[in-house]
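# Examining the three-dimensional arrangement
What follows is each chain in one-letter form.
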Amino acid sequence: MIVAERKPLEEIESMLKGYRRVLTVGCGTCVAVCLAGGEKEVGILNAELQIARKLDENPIELGAACVERQCDMEFLDELQGMVDQYDAILSMACGAGVQFMAERFEDVPVFPAVDTTFIGANRDVGWYEEKCRACGTCVLGMTAGICPVTMCAKGLFNGPCGGTNNGYCEIGNDQPCAWYRIYERLARQGRLEQIMEIHPANEWRNQTPRTLVQAAYRKRKELAAS
Amino acid sequence: MELKSGSNLEKILRAGQFAFTGELGPPRGANDAAVREKAKFLRGVVDSVNITDNQTAMVRMSSWAASLIALQEGLEPNYQMVCRDRNRLAMQSDVLGAYALGIRNMLCLSGDHQQFGDHPRAKSVYDIDSMQLIQMVQGMRDGGKFQGGADIETPPRVFIGAAANPFADPFEWRVHRLAKKVKAGADFIQTQCIYNMDKFRRWVQQANDMGLTEKVFILAGVTPMKSIGMARYMKTKVPGMDVPDAIIKRLQGVDKKKVADEGIQIACEQIAEFKEMKGVAGVHLMAIEWEHKVPEIAERAGMLPRPQV
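What comes next is a walk through the structure. Note that the structure is predicted; figures quoted are calculated from it, not measured.

### Topic: the overall build of chain B
- Per the secondary structure count, chain B includes 11 helices and 8 strands.
- Over its C-alpha atoms chain B spans a radius of gyration of 19 Å, differing by no more than 12% from the 19 Å that the globule rule assigns to 309 residues.
- Taking the principal axes of its C-alpha atoms as reference, chain B extends roughly 60 × 45 × 40 Å.
- Buried positions account for 53% of the 309 residues belonging to chain B.
- Looking at chain B alone, contacts between residues at least 24 apart form 78% of all its contacts between residues at least 6 apart.
- Looking at chain B as shown, the accessible area adds up to about 13500 Å², and 51% of this sits on carbon and sulfur atoms.

Given below as structure tokens:
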């Protein structure tokens with residue numbers, strides 16, 4: 001899922017300084033699961049903002065809403081008719097949701113309430129780890145299910161480097177060395193031949209803004225365009 | 001007169017002389033003679049020569065190395081640096097090395113996207129952008145600090161250049177972006193190739209009105225058309241280029257053998273106007289793969305001999 005972190009209250013306050021009527025919109029998918037921007041977090045943020053603005057003697061009127069997915073125009077339609085009553089929208093979705101919101105309601109300023117952090121997995125309650133950089137050229141088959149682009153601090157394709165330190169990365173002792181673990185796991189599976197050959201320079205597919213239309217829907221897109 | 005770098009280009013500009021700079025594209029190989037060959041046409045003809053940095057995202061001899069060869073050949077290089085291929089560490093160390101070896105001008109650019117070149121699937125760096133690069137070099141020179149905040153023992157005293165494209169959209173925004181580059185620390189500006197004179201006049205007027213031309217030297221970019229095909233290519237294929245139909249018509253109106261000559265004639269007429277234009281401090285001649293023609297163009301445009309300052 002997409003993992004996000006609530007921005008500090010001061011930063012959100014400074015973005016909303018000149019606005020008196022603000023609609024805070026949560027997102028019910030990834031950011032709700034990672035406890036950053038779901039319905040519950042909308043309530044908490046609004047309560048914090050309310051108090052802060054009261055103390056500043058600059059009261060604010062806050063609305064609350066939560067849609068299933070802000071990265072889907074269909075769900076944003078639900079806000080139509082509601083948005084007109086506000087000077088600004090505070091979106092608690094990831095960067096994709098914020099941008100779709102801003103595109104859907106172009107005349108209204110939209111501000112982000114979270115920092116989108118990474119694509120990650122849930123290690124424990126409230127504990128998330130980055131796992132994927134969406135590079136577009138997955139090599140997990142070769143690397144025993146450990147992503148070298150994400151988990152190696154240098155993003156090496158032919159590791160481990162000389163900085164590997166008793167199974168840990170040179171950047172610090174709590175960061176395991178991805179390539180040490182790749183080696184260990186491949187060795188256990190008897191698959192070390194996977195990394196015996198030089199892995200050539202990557203053909204990066206994430207250097208321009210990307211669009212994906214699944215094969216089954218390409219005709220539909222062409223029709224829509226014509 | 002207090003100089004920031006002491007480069008010839010800076011001295012020419014600060015003395016109020018109309019500057020004339022050229023361009024030299026390094027070779028796609030390790031052949032230093034290729035640089036020396038091009039350099040010999042430019043010696044004594046231009047005040048400084050831009051040495052391009054992997055232009056159009058094609059791998060070429062590094063711009064600092066070709067700059068040093070140009071220096072050996074008696075030219076003053078204007079070392080170009082793009083943000084596509086280096087992070088802030090590499091950029092700062094290259095600036096230090098370039099200065100240590102005698103390079104006194106540099107031009108800070110974003111660089112063409114690698115998709116346009118011969119390594120389209122390369123990972124680009126863009127750790128910082130051109131605006132931040134200008135700011136970083138200015139901080140190194142005037143503040144004596146690395147971007148990370150540490151002191152520099154011997155700061156690199158380079159004359160800082162930046163690019164401006166008056167023809168990219170939105171037109172109303174261009175002068176404000178120029179203002180940001182001036183604020184970031186640019187000493188001089190070299191513009192995109194100018195063909196739409198009317199639009200350029202309006203842009204310079206805006207820069208004059210905002211007081212920018214008192215803070216920065218603007219060198220107008222000129223690229224003579226070698227052929228009708230080149231003019232068409234520039235018009236349709238090069239992003240941010242504005243070639244009015246009148247230019248193409250004019251080239252079509254002359255005898256086939258005279259097209260290149262007409263291209264030079266147009267360039268000379270432009271230069272004549274720039275010399276008189278308030279807010280324009282010089283001309284940057286980008287005679288792309290046409291270095292041997294530069295002496296003739298300079299002569300015909302009345303740019304010779306170059307002033308000694």
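From this point, things continue past the structure.
### Observations concerning the pairing of strand E1 (residues 19–24) of chain B
Residue and element names in this part refer to chain B.
- Counting buried positions over the 6 residues of E1 gives 6, a clear majority of the element.
- Alternating positions in E1 separate into two faces, Ala19, Thr21 and Glu23 on one and Phe20, Gly22 and Leu24 on the other, with burial throughout.
- Sheet analysis places E1 next to strand E8 (residues 282–285), joined by 3 bridges and oriented parallel. Bridging from a neighbouring strand, Thr21 pairs with His284 of E8.
- Bridge count for E1 against strand E2 (residues 48–51) is 4 bridges, and the pairing is parallel. Following the sheet pairing, Leu24 is matched in E2 by Ile51.

### Brief notes about the interface of chain B and chain A
- Contact residues are listed per partner, giving 7 residues for chain B and 6 residues for chain A.
- Counting the surface lost from both chain B and chain A, the interface buries some 590 Å², and carbon and sulfur atoms represent 44% of this.
- A per-residue breakdown of the area chain B buries against chain A is headed by His113, Arg121 and Lys123 of chain B, which together make up 80% of the total.
- For the interface between chain B and chain A, the tally reads 0 salt bridges.
- One can count 4 residue pairs in polar contact (both at pLDDT 80 or more) joining chain B with chain A.
- Here the side of chain B that touches chain A is built from residues that sort into 1 nonpolar, 4 polar and 2 charged.

### Focus: the nonpolar core
- Core analysis: the biggest nonpolar cluster contains 74 residues, and Leu133, Leu178, Phe200, Trp203 and Phe274 of chain B have the highest contact counts within it.
- The element that contributes the greatest number of residues to this core is helix H5 (residues 130–143) of chain B, accounting for 6 residues.
- Non-local contacts of Phe274 of chain B, meaning those with residues more than four positions away in its chain, are made with Phe18, Ile194, Met197, Phe200, Ala220, Val222, Val280 and Val283 of chain B.
- Among the nonpolar cores identified, the runner-up in size contains 27 residues, and Leu16, Met92, Ala113 and Val114 of chain A belong to it.

### Thoughts on the sheet that holds strand E3 (residues 77–82) of chain B
Residue and element names in this part refer to chain B.
- In spatial order, the strands read E1-E2-E3-E4-E5-E6-E7-E8; together these 8 strands close into a barrel with parallel pairing. Along the sheet, successive strands turn relative to each other by an average axial angle of 25 degrees, direction set aside.
- Two strands pair when backbone bridges link them, and strand E7 (residues 217–222) and E8 are joined in this way by 4 bridges, in the parallel orientation. Each bridged residue has a counterpart across the sheet, and for Ala220 the counterpart in E8 is Val283.
- Contacts between helix H7 (residues 197–209) and the sheet are confined to strand E5 (159–164), strand E6 (188–193) and E7, with E7 contributing the most and set at about 170 degrees to the helix.

### Topic: the side chain of Gln92 of chain B
- Along the chain, Gln92 of chain B falls in helix H4 (residues 88–100).
- A polar contact of 2.8 Å, which involves the side chain of Gln92 of chain B, links it to the backbone nitrogen of Gln147 of chain B.

### Some remarks on the packing of H7 of chain B against helix H10 (residues 259–276) of chain B
Residue and element names in this part refer to chain B.
- Look at H7 against H10: their axes get within 13 Å of each other, and the N-to-C directions meet at 20 degrees. When the axis of H7 is compared with that of H10, the two are roughly parallel. Judged by the sense of rotation from one axis to the other, the crossing of H7 with H10 is right-handed. Taken together, the residues of H10 that come into contact with H7 (itself represented by Met197, Phe200 and Arg201) are Gln270, Glu273 and Phe274.

### Re the pattern of salt bridges
- Enumeration according to the criterion identifies 36 salt bridges over all chains in this entry.
- The partner of Arg69 of chain A in a salt bridge is Asp72 of chain A, with the nearest N and O atoms 3.2 Å apart.
- The salt bridge partner of Arg250 of chain B is Glu262 of chain B, with a shortest N-O separation of 2.7 Å. Pair noted here: Arg250 of chain B is in helix H9 (residues 245–252) and Glu262 of chain B is in helix H10, with a separation of 12 residues, a long-range link.
- On the basis of relative accessible area, Arg250 of chain B is assigned to the partly exposed category, the value being 29%.
- Through salt bridges with shared partners, a single network forms among Lys4, Arg141, Asp142 and Asp187 of chain B.

### Quick look at the state of the cysteines
Residues and elements named next belong to chain A.
- Taken as a whole and judged by the stated rule, the model has 0 disulfides over all chains.
- The thiol sulfur of Cys30 is not disulfide-bonded, and the nearest other cysteine sulfur, from Cys94, lies at 6.4 Å.
- Taking the relative accessible area as the measure of exposure, Cys30 reaches 23% and is therefore partly exposed.
- Looking at the unpaired Cys94, the closest cysteine sulfur is the one in Cys71, lying at 6.0 Å.

### Observations regarding the sheet that holds strand E7 (residues 127–132) of chain A
Residue and element names in this part refer to chain A.
- In space, the 3 strands of this open sheet follow the order E1-E6-E7, with antiparallel pairing throughout. Of all strands in the sheet, those bounded by a partner on one side alone are strand E1 (2–6) and E7. On average, each strand axis in the sheet is inclined to that of its neighbour by 70 degrees, with strand direction left out of account.
- Where E1 lies against strand E6 (residues 114–124), 5 bridges are found, and the strand directions are antiparallel. Bridge pairing links Val3 to Phe118 in E6.

Conventions we followed
- Residues numbered from 1 in each chain as written.
- Chains lettered and ligands numbered in written order.
- Predicted model: local features only at pLDDT ≥ 70, side-chain atom pairs only at ≥ 80, totals over all residues.
- Heavy atoms only, no water.
- Helix = DSSP H or I, 4+ residues; strand = E, 2+ residues; numbered from the N terminus.
- Rg over C-alpha atoms; globule rule 2.2 N^0.38 Å.
- Buried < 20%, exposed > 50% of the residue type's maximum accessible area, 1.4 Å probe, protein only.
- Contact = heavy atoms within 4.5 Å.
- Areas by Shrake-Rupley, 256 points an atom, 1.4 Å probe, with all protein chains shown as cover.
- Pairing = 2+ DSSP bridges.
- Buried area = accessible area lost by both parts, 1.4 Å probe.
- Salt bridge = Lys/Arg side-chain N within 4 Å of Asp/Glu carboxyl O.
- Polar contact = N/O pair within 3.5 Å; in protein donor to acceptor, adjacent residues only side chain to side chain.
- Nonpolar A, V, L, I, M, F, W, Y, C, P; charged D, E, K, R; others polar.
- Core = buried A, V, L, I, M, F, W, Y, C linked by side-chain atoms within 4.5 Å.
- Axes fitted to C-alpha atoms, helices over the stretch in contact; angles between N-to-C directions.
- Parallel < 35°, antiparallel > 145°, perpendicular 65-115°, else oblique.
- Left-handed = near helix turned anticlockwise from the far one by under 90°.
- Disulfide = S-S within 2.5 Å.

The analysis is restricted to geometry; functional conclusions fall outside its scope.
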